[in-house]
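# Structure assessment
One-letter residues, chain by chain:
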There are 2 protein chains.
Amino acid sequence: MRQVGSVLWPKLRVLQVYGANTGIGKTIFSSILCRAFRRRFKKVHYLKPVSTGPQEEADDRAQPCSDRDIQAAVYDELRSYSTGEDSVAIVETAGGVLSPAPSGNSQADLYRPLRLPVFLVGDHQLGGIGTTISAWESLHIRGYDVQSVALFSEGRYDNHSYLKEYFADRHVHAFSIPPPPERRPDASDDARAMQQYYEASESLQDVTAFTNTFIDAHDKRISNIQSMPAEAVEAIWHPFMQHSERSANTITAIDSAYGDYFQTHTTQQNPSTTSEPAVLKPAFDASASWWTQGLGHGNPDLALTAAHAAGRYGHVMFASAVHEPALRLAQTLLISMGNARLSKVFYTDNGSAGMEVAVKMGIRAAATRYGWDAQKDDIKILGLKNSYHGDTIGTMDASEPSIYNKKEPWYTGRGHWMDFPTVKMSKGEWIIEPVIADEGEVKTFESLDAVFDISSRQTDAKAYRTHLDHDLAELHQKGVKFGALILEPIILGAGGMLFADPLYQRCLVEAARAYDHNPSSNNDPLAWTGMPVVFDEIFTGLYRLGRFSAASFLDVQPDIVANAKLLTGGVLPLCTTTASQSIFEAFLSNDKTDALLHGHSYTAHPIGCSVANKSLEVMAKLQDSADWKGFKGQWQGNEQLSTSAKSKQDEGVWSMWSEAFVKAVSHRSQVDSVFAIGSVLAISLKDADGQGYASKAAWSLRDKLLAGSPGEDWVVHSRVLGNVWYAMGAMTTSRETIQALEERIYNAIE
Amino acid sequence: MRQVGSVLWPKLRVLQVYGANTGIGKTIFSSILCRAFRRRFKKVHYLKPVSTGPQEEADDRAQPCSDRDIQAAVYDELRSYSTGEDSVAIVETAGGVLSPAPSGNSQADLYRPLRLPVFLVGDHQLGGIGTTISAWESLHIRGYDVQSVALFSEGRYDNHSYLKEYFADRHVHAFSIPPPPERRPDASDDARAMQQYYEASESLQDVTAFTNTFIDAHDKRISNIQSMPAEAVEAIWHPFMQHSERSANTITAIDSAYGDYFQTHTTQQNPSTTSEPAVLKPAFDASASWWTQGLGHGNPDLALTAAHAAGRYGHVMFASAVHEPALRLAQTLLISMGNARLSKVFYTDNGSAGMEVAVKMGIRAAATRYGWDAQKDDIKILGLKNSYHGDTIGTMDASEPSIYNKKEPWYTGRGHWMDFPTVKMSKGEWIIEPVIADEGEVKTFESLDAVFDISSRQTDAKAYRTHLDHDLAELHQKGVKFGALILEPIILGAGGMLFADPLYQRCLVEAARAYDHNPSSNNDPLAWTGMPVVFDEIFTGLYRLGRFSAASFLDVQPDIVANAKLLTGGVLPLCTTTASQSIFEAFLSNDKTDALLHGHSYTAHPIGCSVANKSLEVMAKLQDSADWKGFKGQWQGNEQLSTSAKSKQDEGVWSMWSEAFVKAVSHRSQVDSVFAIGSVLAISLKDADGQGYASKAAWSLRDKLLAGSPGEDWVVHSRVLGNVWYAMGAMTTSRETIQALEERIYNAIE
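Residues numbered from 1 in each chain as written. Chains lettered and ligands numbered in written order. Predicted model: local features only at pLDDT ≥ 70, side-chain atom pairs only at ≥ 80, totals over all residues. Heavy atoms only, no water.

Where we set the bar: UniProt positions are given in the numbering used here, feature names are shortened, and annotations may be inferred rather than shown by experiment.
The UniProt entry for chain A carries the following comment under Subcellular location (unreviewed entry): "Mitochondrion".

Below is the structure:
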């Protein structure tokens, strides 16, 4: 699969010429720039990829060229210019900034993956101030660096005077040059006049100044990218890192990102096969940027949505107030989760804060109902081993003592955490590996659907219930007070990508709901019983596993759910903690101090809520996309199944990663086990040293994929969790891309 | 002071006609729309505020009209149409969307405060697809609701076919109508042809459909705004609220915001004096949206900056990576804080998480140096009473037991908190009120500068030191282990807007640094001694008090500083925790588990970092603005002082609120004391019932200001903290606005 990236070679300086409108002299400016650069460099290339002429004419749009074909053609052409000699290439676009390309996509979107520095030709005509600034804004919100705006000086409208000042305020250099001579009726007269005009252009100081600025900016950009890792070592304290292992060599500089790919620079990149090594390399973002990426990096619709909210509100305080984006998002979540218990949405800024709120909601509701003393009683969390809910102290306390928290002076494990059986594919078979002593044997399943077919697994259920009832009865007898059961449904993420048996999690929920200190206390079927059940769906919710709600796989309804990460499509932080009415009512009284006195300055910030609304809308539509249908078909052996299913939840379990690939990987000798569900793939490598989180077993796979092989035009950027190497697609990652990744991954494993 | 707001009356429907370019038939469309509406309503008004003709012509721009004059004139004209009869008004703009208004500002920026629904006339000409979409994007990022895009159907370019599909995908209805007849040489011929054209337009179904849609959208918008409070009661769990007190009547619906003002709807607004009550009322955002607002709501530059980062990156994972916005922000903070100790910036998403990191940094550094056992030793925080650092459990634990946290089961106060003397103006005099028993008397100062003239207050310093040395010696003897001193420098915000004596805070820092268990351990003058000193500048930093760093007022340098709120100019959440090299080095070892294992998915999200870079750039420039010079002059009795000062820090203490006003307020009978510094004004009202945070003494002032008086065209939206009513401007709030507020506030207090 071809994947062109952002273009940047040290000695070939490439400039892209966009026009604020048609008919404003884009080609004349390109010619003048070519002339100017030729005075400096022996080689100056000029490229106009799409046929010239009116961009809206039908014959132009009828061309069958895909965006990717054009991107690849331009990239290859430019690469052929990159010979190691000092040179310049000018790439002229067709029509205006947002004029349609052959695919129907706009020029600016077509070329965005290359992210070339831009020379914007402004509009000198009547109305041209507005069209020029709007064109610049359209480029700017697509992540382009516009280096200069230039236009013809035109006495009557004097657009250039206004625009020079306007852009100077925005750190963009703008200049003007005299307009070309009026067209002469006689062709040779005209040619002569233009020739004189071009010759005269050589003495234009603004043009010369621009060429100097452009060359400096090019060099500066490269030196910036190259020095960023070392500068980061000086100024940044990175998350989750032992900094004794940090050096400029271990830091990846990310120049930009688009779709599934980062544009990266590392000091340790694989030597290029071309004469001049590219400064940037596209790297598939296989951690989906720490599990956030949903709709592609640099998504212009999300950028516009964010900007609209910023333009309409900025942020507006949420105490005793409401605004449309927050209200609509709350309503959408309440409806889409399909959980009749849920009734109120609380906003925070990230998963950790949202889980702090979930913990506060749960333990206070329990304390209130059972009459516990908030200051004296030791109220605990019931959960699973290896759970992870965040890094603030309250969420750390909800997780068992581990390597993550043992050196944290204020950490206090407040809970009881159970072992649990895990699902995996091993040597071509789906198995459930018991961790419960009296469960003895490994169970084999013919398909992942069979694992999830909870109603047919009566024997397993009985065994789980017996075991759980016994354990919980013992805890109950000891008087242990549980304020909440907290689960990551299906996949325990940061704890090592562990796939919990859904049947076990379901039985645990049922057992927790029977753990009652006062069973007659509530008759409302939607009220919590035993202890509030919290699902941490921050990682697993919102289509990550193929469905809106991860709870739906267990067919039980939590009392509290936290969502984040994919919520905002991979753009900015926001978290929701959604609670049932019976949880909400536990905080009602005539005393303000009984309230949930929690809040953040940017609670329910409109930008986050707006982007979330847009993301949820787009992801809902993806369910019926051709790519998703294809993914589903790979798991069901029947492409039609998805259309005959009564609802999305009847469709069975599926993944973007094909079952055939998962099976093949499971047979590799380095591999202990593997699984895929939704967008997630996790490969557990044999951990010879048995170090768990501290293990480095997966590091070599990660490093191999990041280095790539000579000649490959993209690499894979991934993260590991101990001996687990994992990857996940965005919700928009194509089948073609996943297939290419499968090949890379399979070949990189021994 | 006039303050026009967003225009919305129930029976007068207003539509604003923008053009994607000039010369595309804006006036023709306006005429056709007028005709169409006239078939439905008796009254249809047409308004074209700025003279027609080429918008870039010099004579137009020479008009001396300010934006505010034009806004007020349009608003007044529209108000005169709002008679309670069903009617429509069409406001046509001049030129294109971003064509300059007389002030030089763009049309779209000029009219943004009114935020009228928009009818965008698209460009049917060659290149018009691009100019139309760019124009729409420029409106969209300024927070406008574009209801429809319409253009002439033009066979050759067929722009309308493309645009209909394009906008349908974006939920914007687009349609086209036949173009007008070609201009005829004979004027009366031409008039007749146009007459026929207009008559024929009456049968255009798309036009009729638009008028219906527009009228429905108008009604829907109003019913949405009116029902939002009740819907919020259903779906939302609000921060910091006892929900038994919540009803639709207590929730403010915020339709949009611009500059210093919300556009609000409450069910309890003061009856209007006009025949038809406006649905929306501008309300000055006096809490600066929970202390976040820096550069005005709906700021188009910040919206564009956010969009550019979203377009260039979206979010990119920050583990072992670096991108330009995060790197530059870290470097700017390190330079601008003027604190040689600081060397590394850690990113989180909000103040609470950032203070959790600060606590973790501090206590781990102390535990490492002193060899404490992280699991067994009780490591405490030294701090001041009434401090507040956030709502996650770790930051709650760093604050003394209080009404905020006493019912929180997992709260454990881990610290020792000192009483402290406070600064206030009482009956016209600046005083320092001792809370320390052996300090006895109230001290009077001739000016706020005298309070801050630390070097001349030797007697006070000696008394403080004696007292502090005694207390800390006692704690030391008891073996109390302090992991950090945590202070909010100068102002303790959420704890009730308490103005701490800077000299006392300085002495406390010095005393804490002498609290050493192993005094010979470090010779680096920039290393921490005694205990790490953490400044929580989340509220007080970044120009809030008039200077970049609040620490500079104390003339001591903390080892760790947290910044948030104003950091992103009031747009979205981001927090930085900046630490000294000696803190950073405490986490270095060959063991990953010694690292600060903290991180958030959206750590250092590029949008937040980019907006922060822009905000810091703009705020730095504001220091030399005319408004700020005026503010400073009000406090120094000498407008020249600020220019003669060697540095910003030599300028003395000042506030946006004039000292004369503060003095006048202090004499009001309801007022106990008052202070102002930087953008902050805090009025402590006499608290007859003595309830502190639960007190409702300030509620009536808040409610009075929100209700406003009949005839006033804006009100004041504020928040209270117990018996303290406070207000703060954004960094861009003008002197004129502050003066108008001073008048309102003074008159509202008895």
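### Comments concerning the interface of chain B and chain A
The cut-off we apply is this: When checking whether two residues touch, look at their non-hydrogen atoms; a contact exists if any pair is within 4.5 Å. Accessible area that two parts lose when put together, evaluated with a 1.4 Å probe and summed over both, is termed the buried area. For this document, the term salt bridge refers to a Lys or Arg side-chain nitrogen within 4 Å of an Asp or Glu carboxyl oxygen.
With 172 residues of chain B at the interface, the matching set in chain A holds 172 residues. Overall, the association of chain B and chain A removes approximately 14,800 Å² of surface from exposure, summing both partners, and the carbon and sulfur fraction of that is 58%. Interface area lost by chain B to chain A is led by Trp-237, Trp-410 and Tyr-602 of chain B, which between them contribute 7%. The interface formed by chain B and chain A contains 14 salt bridges. Here Arg-312 of chain B ties to Asp-255 of chain A by a salt bridge, and the two come within 3.4 Å at their closest N and O atoms.

### Topic: the sheet that holds strand β11 (residues 342-348) of chain A
Residues and elements named next belong to chain A. Applied cut-off: Each pair of strands is called paired provided DSSP finds at least two bridges between the two strands. Helix and strand definitions follow DSSP, with helices as H or I runs of at least four residues and strands as E runs of at least two, each counted in order from the N terminus. Each axis is a line fitted through C-alpha atoms, and for a helix only the stretch in contact is used; angles between axes span 0 to 180 degrees, taken between their N-to-C directions.
Reading across the sheet, the seven strands line up as β11-β22-β21-β20-β17-β12-β13 and stay open at both edges, with mixed pairing between neighbours. The open sheet terminates on both sides in strands that have one partner only, identified here as β11 and β13 (415-418). Pairs of neighbouring strands in the sheet enclose a mean axial angle of 20 degrees, with direction left out of account. Both β11 and strand β22 (residues 575-580) contribute to a ladder of six bridges, which runs antiparallel.

### Observations regarding the relation of the copies chain B and chain A
Heads up, the rule is: For the least-squares superposition of copies, only C-alpha atoms count, and only for residues with pLDDT at least 70 in both.
Of the transformation superimposing chain B on chain A, the axial component is 0.0 Å and the angular component is 180 degrees, with the fit at an RMSD of 0.1 Å. Taken together, the rotation and translation relating the two chain copies correspond to the operation of a two-fold axis. Interface overlap between copies: 100% of the residues of chain B at the interface are likewise at the interface in chain A, consistent with a symmetric, same-surface contact.

### Some points on the packing of helix α15 (residues 458-477) of chain B against helix α16 (residues 502-513) of chain B
Residues and elements named next belong to chain B. Stated precisely, the cut-off is as follows: Each angle is binned into one of four classes, with values under 35 degrees roughly parallel, values over 145 roughly antiparallel, values of 65 to 115 roughly perpendicular, and all other values oblique. Handedness of a crossing follows from how the near helix is turned relative to the far one, being left-handed for an anticlockwise turn of less than a right angle and right-handed for a clockwise one. The classification used treats Ala, Val, Leu, Ile, Met, Phe, Trp, Tyr, Cys and Pro as nonpolar, Asp, Glu, Lys and Arg as charged, and all other residues, Gly among them, as polar.
Packing of α15 against α16 brings their axes to within 9 Å, and their N-to-C directions diverge by 40 degrees. Classified by the angle their axes make, α15 and α16 are oblique. Here the hand of the crossing between α15 and α16 comes out right-handed. Within the contact between the two elements, α15 uses Asp-460, Ala-461, Tyr-464, Arg-465, His-467, Leu-468, Asp-469 and Leu-472 and α16 uses Leu-503, Tyr-504, Cys-507, Leu-508, Glu-510, Ala-511 and Ala-512. Within the contact of α15 with α16, the residues separate by chemical class into 10 nonpolar, one polar and four charged.

### Digging into the nonpolar core
Nonpolar side chains in soluble globular proteins tend to end up buried together. Using the following cut-off: We call a set of buried residues a nonpolar core when its members are Ala, Val, Leu, Ile, Met, Phe, Trp, Tyr or Cys and they connect through side-chain atoms within 4.5 Å of each other. Relative accessibility under 20% of the residue-type maximum defines a buried residue, over 50% an exposed one, and the middle range a partly exposed one, all with a 1.4 Å probe and only protein chains included.
Met-497 of chain A together with Met-497 of chain B are the most contacted members of the largest nonpolar core, which totals 444 residues. Sequence-distant contacts of Met-497 of chain B, that is, excluding residues within four places in its chain, are made with Trp-291, Ile-491, Leu-492, Phe-539, Phe-675, Val-680, Ala-682, Leu-721, Val-724, Tyr-726 and Met-728 of chain B.

### Let's talk about unusual backbone geometry
All names here are of chain A. Residues other than glycine seldom take positive phi values, yet Trp-290 does so here, at roughly 55 degrees. You can see Trp-290 is positioned in helix α9 (residues 288-291). Judged by relative accessible area, Trp-290 falls into the buried class, the value being 11%.

### Notes on helix α3 (residues 67-81) of chain A
All names here are of chain A. Filter applied, for reference: Helix span, expected: 1.5 Å multiplied by one less than the number of residues in the helix.
Between its terminal C-alpha atoms α3 stretches 21 Å, which fits the 21 Å expected from 15 residues at 1.5 Å a residue. Where α3 is concerned, the buried positions are Asp-67, Ile-70, Gln-71, Ala-72, Val-74, Tyr-75, Leu-78 and Tyr-81. As for α3, its buried residues are in contact with β1 (12-19), β2 (43-47), β3 (87-92) and α4 (107-111).

### Remarks on the pattern of salt bridges
All names here are of chain B. Applying the stated criterion to the full structure yields 86 salt bridges over all chains. Here Lys-380 and Asp-378 are joined by a salt bridge, their closest N and O atoms 3.2 Å apart. Across the salt bridge formed by Glu-433 and Lys-424, the nearest N and O atoms sit 2.7 Å from each other. The buried category is assigned to Lys-424, whose relative accessible area is 15%.

### So, the environment of Met-731 of chain A
All names here are of chain A. Of note, Met-731 is situated in the loop between β27 (724-728) and α24 (735-748). Taking the C-alpha atoms as reference, Met-731 lies 9.1 Å from Met-656; in sequence the two are 75 residues apart. Those residues in contact with Met-731 that lie beyond four places of it in its chain are Gln-293, Gly-294, Tyr-543, Arg-544, Leu-566, Met-619, Leu-622, Trp-628, Met-656 and Ser-679.

### Section: the pairing of strand β23 (residues 671-677) of chain A
Residue and element names in this part refer to chain A. Among the seven residues in β23, six count as buried, and that is most of the element. Here β23 pairs with strand β24 (residues 680-685) via six bridges, running antiparallel. Bridged to Phe-675 within β24 is Ala-682. Taking the residues between adjacent antiparallel strands as the criterion, β23 and β24 are bridged by two residues, where Gly-678 takes a positive phi near 55 degrees.

### Observations regarding the packing of aromatic side chains
Residue and element names in this part refer to chain A. This is how it is decided: Pairing of aromatic side chains here covers Phe, Tyr and the six-membered ring of Trp, requires ring centres within 6.5 Å, and sorts the geometry by plane angle: under 30 degrees stacked, over 60 edge-to-face, intermediate tilted.
Following the criterion strictly, the structure yields 70 aromatic pairs over all chains and no others. Centre to centre, the rings of Phe-318 and Tyr-347 are 5.9 Å apart; their planes meet at 90 degrees, and the pair counts as edge-to-face. Highlighted residues: Phe-318 in the loop between α10 (300-312) and β10 (321-322) and Tyr-347 in strand β11, separated in sequence by 29 residues. Across the pair, exposure class does not vary: Phe-318 and Tyr-347 are buried alike. Three or more aromatic residues joined by ring pairs make a cluster, and in this case those are Phe-29, Phe-37, Phe-119, Phe-152, Phe-175, Phe-210 and Phe-214.

### Section: the domain arrangement of chain A
Condition: Each domain's limits were defined by an automated method or a database of domain assignments.
As assigned here, chain A comprises domain 1 (12-220), domain 2 (353-599) and domain 3 (655-748). The gap between the C-alpha centroids of domain 1 of chain A and domain 2 of chain A is 58 Å.

### What about the sheet that holds strand β25 (residues 715-717) of chain A?
The sheet built from five strands is open, its strands ordered β25(A)-β9(A)-β8(A)-β7(A)-β10(B) with mixed pairing. The open sheet has two edge strands, β25 of chain A together with β10 (321-322) of chain B, and neither has a second partner. Where strand β7 (residues 252-258) of chain A meets strand β8 (residues 261-265) of chain A, five bridges bridge the pair, whose relative direction is antiparallel. Counted as the bridge partner of Ser-256 of chain A is Gln-263 of chain A from β8 of chain A. Against the sheet, helix α8 (residues 205-235) of chain A engages β7 and β8 of chain A together with β10 of chain B, with an angle of about 125 degrees to β7 of chain A.

### Here we look at the side chain of Ser-582 of chain B
Residues and elements named next belong to chain B. The condition that has to hold: Definition of a polar contact: a pair of N or O atoms within 3.5 Å, with one able to donate and the other able to accept a hydrogen when the atoms are protein atoms, and with sequence-neighbouring residues admitted only if both atoms are side-chain atoms.
With respect to the helices and strands, the residue Ser-582 is situated in helix α18 (residues 581-585). According to the relative accessible area criterion, Ser-582 is buried, its value standing at 12%. Within the local environment of Ser-582, its side chain forms a polar contact with the backbone nitrogen of Trp-528, the two atoms lying 3.1 Å apart. In this structure Ser-582 touches Leu-526, Ala-527 and Trp-528, once residues within four positions along its chain are discounted.

### Examining the state of the cysteines
Joining two cysteines, a disulfide is a covalent bond between their sulfur atoms. Residue and element names in this part refer to chain A. The condition is simple: Pairs of cysteine sulfur atoms within 2.5 Å are what we label disulfides.
A complete count under the given rule lists zero disulfides over all chains for this structure. Here Cys-609 is not disulfide-linked; the sulfur of Cys-575 is the nearest cysteine sulfur, at 11 Å. Judged by its relative accessible area of 0%, Cys-609 is buried.

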